[in-house]
Amino acid sequence: MTEVDESSSEERSRCKWCRRVLPSQKMGRPREFCSQACRQWHWVGKQRAAELQLSESELIITKDELDRLHDELYVLACAVNDAERDLAAAGAKPSVRELHSIVEWLLEAARPLRDRELQPPAR
Ligand SMILES: [Zn+2]
């Protein structure tokens, strides 16, 4: 099993809103956001936080948004369990076809999380 070791590579900057790793940049002011949408959501979030007197580390998320996130995490967790079970069942030398179907199953569960964008609640 491999894990992403973020400490070994140079300190990579991340989007201040969605936390995606930003492309490395040699010139100019360092980017803070991966997209204009993230810049905007961050701004809206800060405005809402100020209105509600929240600290920098607090954020309000709608119950609906949190439910959807938890649902997607649950689907991914189930897919990981399935993949582990299928890999164990496939034995020492799983076929390309078996591996392909396991990866496809995992990807299907992971895609919604890859594409998820959390947004501060509307006023
Ligand atoms: Zn972003």
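Please read these numbers as outputs of a predicted model, since none were measured by experiment.

1. Comments concerning the coordination of the zinc ion
Logical step 1: Coordination sphere of the zinc ion, protein contribution only: Cys-15 (SG), Cys-18 (SG), Cys-34 (SG) and Cys-38 (SG), at 2.3 Å.
Logical step 2: One can describe the donor arrangement at the zinc ion as tetrahedral, given that its four donor atoms subtend angles of 103 to 119° at the metal.
Logical step 3: One chain supplies every donor for the zinc ion, spaced along it as C-x2-C-x15-C-x3-C.
Logical step 4: Assessed through its relative accessible area of 0%, Cys-15 is described here as buried.

2. Considerations on the layout of surface pockets
A probe as big as a water molecule, rolled over the atoms, marks out the empty space that is left.
Logical step 1: There is about 620 Å³ of room inside the largest pocket.
Logical step 2: Along the wall of the largest pocket there are 27 residues; nearest its centre are Lys-16, Trp-17, His-42, Leu-59 and Leu-118.
Logical step 3: Looking at which element gives the most residues to the lining of the largest pocket, the answer is helix 1 (residues 36–51), with six residues.
Logical step 4: In the lining of the largest pocket, the residues fall into 14 nonpolar, five polar and eight charged.
Logical step 5: Lining the lining of the largest pocket are residues from two domains, each supplying at least three of them: domain 1 (13–60) and domain 2 (62–123).

3. Observations concerning the confidence of the model for the chain
Logical step 1: On average, residues of the chain score 86 in pLDDT, and 88% of them reach the 70 mark or higher.
Logical step 2: Between residues 5–10, whose pLDDT stays under 50, and residues either more than four places distant or in other chains, the model counts one contact.

4. As for the nonpolar core
Logical step 1: Among the nonpolar cores identified, the biggest contains five residues, and these are Cys-15, Trp-17, Leu-22, Phe-33 and Cys-38.
Logical step 2: Among residues more than four places away in sequence, those in contact with Cys-38 are Cys-15, Trp-17, Cys-18 and Phe-33.

5. Concerning the pattern of salt bridges
Logical step 1: For the structure on display, the rule yields 11 salt bridges.
Logical step 2: Taking the shortest distance from any N to any O, the salt bridge between Arg-116 and Glu-72 comes out at 2.8 Å. One end of the pair, Arg-116, is in the segment after helix 3 (96–115); the other, Glu-72, is in helix 2 (residues 63–90), with 44 residues separating them in the sequence. Like Arg-116, the residue Glu-72 is buried in the burial classification.
Logical step 3: Among the salt bridges present, the one from Asp-86 reaches Arg-85, with a minimum N-O distance of 3.0 Å.
Logical step 4: Through salt bridges with shared partners, one network takes in Asp-64, Glu-65, Arg-68, Glu-72 and Arg-116.

6. Details of the environment of Arg-48
Logical step 1: With respect to the helices and strands, Arg-48 occurs in helix 1.
Logical step 2: According to the relative accessible area criterion, Arg-48 is buried, its value standing at 16%.
Logical step 3: Spatially, the C-alpha atoms of Arg-48 and Leu-59 are 8.8 Å apart, while their sequence positions differ by 11 residues.

Analysis parameters
- Residues numbered from 1 in each chain as written.
- Predicted model: local features only at pLDDT ≥ 70, side-chain atom pairs only at ≥ 80, totals over all residues.
- Heavy atoms only, no water.
- Donors = N, O, S within 2.8 Å, 3.2 Å for Na, K, Ca; no water.
- Tetrahedral: all angles 85-135°; square planar, octahedral: opposite > 155°, others 65-115°.
- Buried < 20%, exposed > 50% of the residue type's maximum accessible area, 1.4 Å probe, protein only.
- 1 Å grid on protein atoms, 1.4 Å probe; cavity = no way out; pocket = protein on both sides within 12 Å on 5 of 7 lines; lining within 4 Å.
- Points joined across faces, edges and corners; volume = space filled by probe spheres on them.
- Helix = DSSP H or I, 4+ residues; strand = E, 2+ residues; numbered from the N terminus.
- Nonpolar A, V, L, I, M, F, W, Y, C, P; charged D, E, K, R; others polar.
- Domains from an automatic or database assignment.
- pLDDT = per-residue confidence, 0-100.
- Contact = heavy atoms within 4.5 Å.
- Core = buried A, V, L, I, M, F, W, Y, C linked by side-chain atoms within 4.5 Å.
- Salt bridge = Lys/Arg side-chain N within 4 Å of Asp/Glu carboxyl O.

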